[in-house]
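Descriptive structure summary
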Amino acid sequence: MATSDAVLQVLSGSSPPFNGVFSVESALKIIRHTSLVCHKGPNTLIRRKSGLRVFALEGTKGVFRSKIGVKRLESAVCECHRARNISGISAEEENKTRLKVETNRPKSVPLNGAISSQVEERGSESNRNLAAAGTVEDRLQSVRESVIEDEAWNLLRDSIVYYCNNPIGTIAANDPNSTSVLNYDQVFIRDFIPSAIAFLLKGEYDIVKNFILHTLQLQSWEKTMDCHSPGQGLMPASFKVRTVPLDGDDFATEDVLDPDFGEAAIGRVAPVDSGLWWIILLRAYGKCSGDLSVQERIDVQTGIKMILKLCLADGFDMFPTLLVTDGSCMIDRRMGIHGHPLEIQALFYSALLCAREMLTPEDASADLIQALSNRLVALSFHIREYYWIDMRKLNEIYRYNTEEYSYEAVNKFNIYPDQIPSWLVEFMPSKGGYLIGNLQPAHMDFRFFSLGNIWSIVSSLATLDQSHAILDLIEAKWAELVAEMPLKICYPALEGQEWRIITGSDPKNTPWSYHNGGSWPTLLWQLTVACIKMNRPEIALNAVKVAEKRIARDKWPEYYDTKQARFVGKQARLFQTWSIAGYLVSKLLLANPSAAKILVNEEDSELVNAFSCMISANPRRKRRAWKKQSFIV
């Protein structure tokens with residue numbers, strides 16, 4: 001081989017991805033796709049350069065450590081734990097290990113220059129073995145995916161927050177080059193869910209258990225917002241670990257948890273979904289770890305009941321859906337989703353099923369469980385019947401009569417056919433359908449909201465046929481919903497005068513950005529769970545392959561802009577934890593699909609029978625049977 005040829009050599013180790021010496025063309029192709037210069041052995045160093053970030057394999061465990069970018073983490077880690085790294089090794093021991101690794105590391109093979117005869121001989125033999133094992137492209141793809149996963153795990157572990165020496169969660173984003181922190185250095189309940197699932201699937205249960213129990217302690221009605229107290233049972237949106245000095249001692253410190261119920265959030269909106277996600281995670285922890293003692297604790301049972309009583313409280317609303325304000329869920333800014341947004345209904349339904357499964361049977365819980373079961377039946381019927389839309393339903397709405405009065409009215413919500421937007425006529429495929437984003441009197445929000453539809457599949461809120469139809473629509477509209485980075489949070493975006501009125505001219509929610517049609521990589525994990533449940537994992541696999549082309553190279557952004565998701569979001573944070581964790585959960589579940597059962601809710605026979613009875617009673621024609629009573633005043 002000529003001395004001017006550029007080559008890339010991957011030396012075999014304990015479990016090498018492949019062996020071989022390649023020509024300049026192959027080497028450059030590898031470099032373009034992986035940005036990798038790798039020497040792998042049982043006790044050698046791996047380096048991957050990505051901007052200023054350098055990762056090293058320490059010892060034989062294959063755990064990546066970042067050499068930079070940990071300053072923000074230190075502000076949330078308790079003082080007594082700062083001298084320790086994530087794996088529990090002291091700083092002194094870590095330095096010794098790194099020194100040993102550097103000493104034993106073989107010299108790098110230059111990309112330009114002469115290659116030793118020993119390497120050439122080994123390369124010839126390796127190439128013959130490689131040809132027998134598969135194509136070079138397949139093996140390179142495998143290596144590239146492995147490198148991305150290793151980097152993701154490294155970044156996820158770097159984001160861990162400690163409270164009194166114990167891991168308690170992960171911060172929202174850990175970008176070492178960002179000067180504006182805002183609240184991205186806090187642990188969000190919503191954001192931590194994919195991180196928690198990733199740790200559960202890896203068998204690392206302590207951090208999830210600590211998170212569940214410590215956030216339960218924050219469930220309170222003592223926090224105030226402009227002298228008004230949130231409802232009893234509300235879970236915080238996020239919390240921060242602060243180290244404060246002890247009174248009377250200038251040297252001693254203690255860790256405290258500082259929760260945010262929305263009083264410091266942009267818009268001052270209290271989170272509705274935090275408590276629902278908490279219940280879902282509690283069930284997943286028990287199913288994955290086998291430790292049911294946590295959910296059986298008296299304080300945990302009380303926490304579940306408080307959340308349910310808050311959600312099931314009587315009000316002026318006549319619908320079984322949960323009435324919430326704008327910005328109370330993942331879409332946390334003004335986007336016209338106030339009322340009964342689909343995302344909250346899907347999480348609400350899932351949380352009710354999880355709670356009914358975990359509540360201990362006792363006299364004190366009997367009434368609550370009965371109310372819970374009644375709500376499940378009414379909620380499932382309402383969403384399946386009135387939120388569903390496909391070509392048949394669209395034709396029905398197109399021919400609606402309005403101003404109908406009586407119990408037998410077909411157009412129960414007085415929907416005007418002129419509300420059907422022009423984009424929907426082109427968007428709706430002949431095969432497929434979805435659940436609309438919102439339903440209120442004289443208003444149907446026809447936008448497609450990804451999380452609400454996906455979690456309706458996971459929770460069995462959608463029927464079997466509807467679940468397949470939703471996935472059919474995602475496949476049929478792949479260019480619109482997945483494009484160059486999965487997954488659109490909603491479709492289509494609000495534009496023009498509609499954007500100005502509904503969002504208040506929000507400069508962050510410009511069309512095809514952030515929550516206004518932006519693309520969010522974290523939605524990969526929910527999509528994967530839904531696809532596995534419906535035995536269609538190839539859809540999720542294709543979406544993951546799309547994400548792998550860019551997500552690591554783009555430094556794991558929070559979201560992507562433009563209709564085709566071609567640009568990293570203008571205000572998106574880099575090294576966003578739930579983008580990292582969402583990718584990892586997808587990879588773990590695709591490798592072990594049976595693990596998805598910790599998140600899936602299977603519809604039980606009681607609900608199926610109740611729903612069938614309601615359908616057979618022809619709800620379009622008859623009111624639920626009850627005798628009209630007269631009262632003497």
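Structure: above.
What counts as what
Residues numbered from 1 in each chain as written. Predicted model: local features only at pLDDT ≥ 70, side-chain atom pairs only at ≥ 80, totals over all residues. Heavy atoms only, no water. Axes fitted to C-alpha atoms, helices over the stretch in contact; angles between N-to-C directions. Helix = DSSP H or I, 4+ residues; strand = E, 2+ residues; numbered from the N terminus. Parallel < 35°, antiparallel > 145°, perpendicular 65-115°, else oblique. Contact = heavy atoms within 4.5 Å. Nonpolar A, V, L, I, M, F, W, Y, C, P; charged D, E, K, R; others polar. Pairing = 2+ DSSP bridges. Core = buried A, V, L, I, M, F, W, Y, C linked by side-chain atoms within 4.5 Å. Buried < 20%, exposed > 50% of the residue type's maximum accessible area, 1.4 Å probe, protein only. Salt bridge = Lys/Arg side-chain N within 4 Å of Asp/Glu carboxyl O.

So, about the packing of helix α6 (residues 189-201) against helix α8 (residues 273-289). Between α6 and α8, the shortest axis-to-axis distance is 10 Å and the interhelical angle comes to 5°. Judged on the interaxial angle alone, α8 and α6 are roughly parallel. Packed against α6, whose contacting residues are Ile189, Arg190, Ile193, Ala196, Ile197, Leu200 and Leu201, the element α8 presents Asp273, Ser274, Trp277, Leu281, Ala284, Tyr285 and Cys288 at the interface. Partitioned by chemical class, the residues of the contact of α6 with α8 number 11 nonpolar, one polar and two charged.

For the rest of this paragraph, the subject is the sheet that holds strand β11 (residues 253-260). Taken together, three strands build an open sheet; the order of strands is β9-β10-β11 and the sheet is antiparallel. With partners counted over all chains shown, the strands left at the sheet margins are β9 (187-188) and β11, one partner each. Relative to strand β10 (residues 238-245), β9 runs antiparallel, the two sharing two bridges. In the sheet register, Phe188 faces β10, and the bridge partner there is Ser238.

Attention now goes to the side chain of Thr528. On the secondary structure map, Thr528 appears in helix α19 (residues 524-533). Non-local contacts of Thr528, meaning those with residues more than four positions away in its chain, are made with Ala540, Ser586, Leu589 and Leu590.

Within the largest apolar cluster, 157 residues are counted, with the highest numbers of intra-cluster contacts made by Trp278, Ile279, Ile304, Leu308, Tyr434 and Trp556. Among the elements that make up this core, the one with the highest residue count is helix α11 (residues 342-358) (12 residues).

Below, the discussion takes up unusual backbone geometry. The step from Pro486 to Leu487 runs through a cis peptide bond, and the omega angle for that step is 10°. Structurally, Leu487 can be placed in the loop between α17 (478-481) and β15 (490-491). Residue Tyr514 is not a glycine yet carries a positive backbone phi of 50°. The topology assignment puts Tyr514 in the loop between α18 (496-503) and α19. Look at Tyr514 and you get buried, because its relative accessible area is 5%.

Glancing now at the pattern of salt bridges. This structure, assessed with the given rule, holds 21 salt bridges. Between Arg392 and Glu396 there is a salt bridge, with its nearest N and O atoms 3.3 Å apart. Of this pair, Arg392 and Glu396 both sit in helix α13 (residues 391-398), separated by four residues, roughly a single helical turn. Exposure remark for Arg392: the relative accessible area of 52% places this residue in the exposed category. Notably, a salt bridge pairs Glu484 with Arg566, separated by 3.6 Å at the nearest N-O pair. Of this pair, Glu484 sits in the loop between α17 and β15 while Arg566 sits in the loop between β16 (560-561) and β17 (567-568), placing them 82 residues apart in sequence. Overlapping salt bridges bring together Glu145, Glu149, Glu548 and Lys587 as one network.

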